[in-house]
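# Topology and contacts: notes
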Amino acid sequence: MFRNPQYAYARKMGQLAPLAIRQVAGLDELYSRWRLQQGQQLGDIKPVCLLRDDGFLQFLESSR
């Protein structure tokens with residue numbers, strides 16, 4: 001990520017925290033269930049590579 005000059009600058013200035021990388025088994029199914037609970041239609045749920053929503057982290061922790 002530091003190859004991106006905007007990201008590197010934001011990190012240097014303290015605007016962004018380091019990325020937190022987590023591996024979660026069954027993440028696609030958990031993400032879909034979470035979005036459905038929020039009222040999103042199944043056909044509108046798209047896979048994501050980066051999640052910025054702390055609500056999903058809370059959902060993951062409560063699903064264990």
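Everything in this summary refers to the structure shown in the same document. This structure is a prediction, so every number in the text was calculated from the model and none was measured. (Residues numbered from 1 in each chain as written. Predicted model: local features only at pLDDT ≥ 70, side-chain atom pairs only at ≥ 80, totals over all residues. Heavy atoms only, no water.)

### Overview of the overall build of the protein chain
Here is the rule: Numbering of helices and strands runs from the N terminus; a helix is a DSSP stretch of H or I covering at least four residues, while a strand is a stretch of E covering at least two. In this setup the radius of gyration rests on C-alpha atoms only. A globule is expected at 2.2 Å times the number of residues raised to 0.38. Partly exposed describes any residue whose relative accessible area lies between the buried limit of under 20% and the exposed limit of over 50%, with all areas from a 1.4 Å probe on protein chains only and scaled to the type maximum. Note on definitions: a residue-residue contact is assigned when non-hydrogen atoms from the two residues lie within 4.5 Å.
In terms of regular secondary structure, the protein chain is built from 3 helices and 0 strands. For 64 residues, the compact-globule formula gives about 11 Å, and the C-alpha radius of gyration of the protein chain, at 15 Å, lies well above that figure. Along the longest, intermediate and shortest principal axes, the C-alpha atoms of the protein chain span 40 × 25 × 20 Å. Counting every position in the protein chain, which comprises 64 residues, the buried fraction comes to 14%. A separation of at least 24 residues holds for 33% of the contacts in the protein chain among residues at least 6 apart in sequence.

### Focus: helix H2 (residues 27–37)
Under the convention used in this document: The directions from the helix axis to the C-beta atoms are what the arc is built from.
Within the sequence span of H2, burial applies to Leu30, Tyr31 and Trp34. Buried positions in H2, seen along its axis, are confined to an arc of 100° and lie on one side of it. Residues Asp28 and Glu29 are exposed on H2 and point more than 90 degrees away from its buried face. On its buried face, H2 is in contact with helix H3 (54–62). Gly39 lies just past H2 and shows a positive phi near 95°.

### Here's the deal with the environment of Lys46
Tracing the backbone shows Lys46 in the loop between H2 and H3. Along the sequence, Lys46 and Gly26 sit 20 residues apart, while their C-alpha atoms lie 15 Å from each other.

### What about the packing of H2 against H3?
Inclusion rule: Axis lines are fitted to C-alpha atoms, over the contacting stretch for helices. Their N-to-C directions set the angle, which ranges from 0 to 180 degrees. For classification purposes, an angle smaller than 35 degrees is called roughly parallel, one larger than 145 roughly antiparallel, one from 65 to 115 roughly perpendicular, and anything else oblique. Definitions for this section: a left-handed crossing has its near helix turned counterclockwise from the far helix by less than a right angle. A right-handed crossing has that turn clockwise. Amino acid classes used here: Ala, Val, Leu, Ile, Met, Phe, Trp, Tyr, Cys and Pro are nonpolar; Asp, Glu, Lys and Arg are charged; the rest, including Gly, are polar.
Taken N-terminus to C-terminus, the directions of H2 and H3 make an angle of 115°; their axes are 11 Å apart at the nearest point. Between H2 and H3, the angle falls in the class roughly perpendicular. Relative to H3, the crossing made by H2 is right-handed. Across the interface between the two elements, Leu27, Leu30, Tyr31, Arg33, Trp34 and Gln37 of H2 pack against Gly55, Phe56, Phe59 and Leu60 of H3. The residue makeup of the contact of H2 with H3, split by class, is 7 nonpolar, 2 polar and 1 charged.

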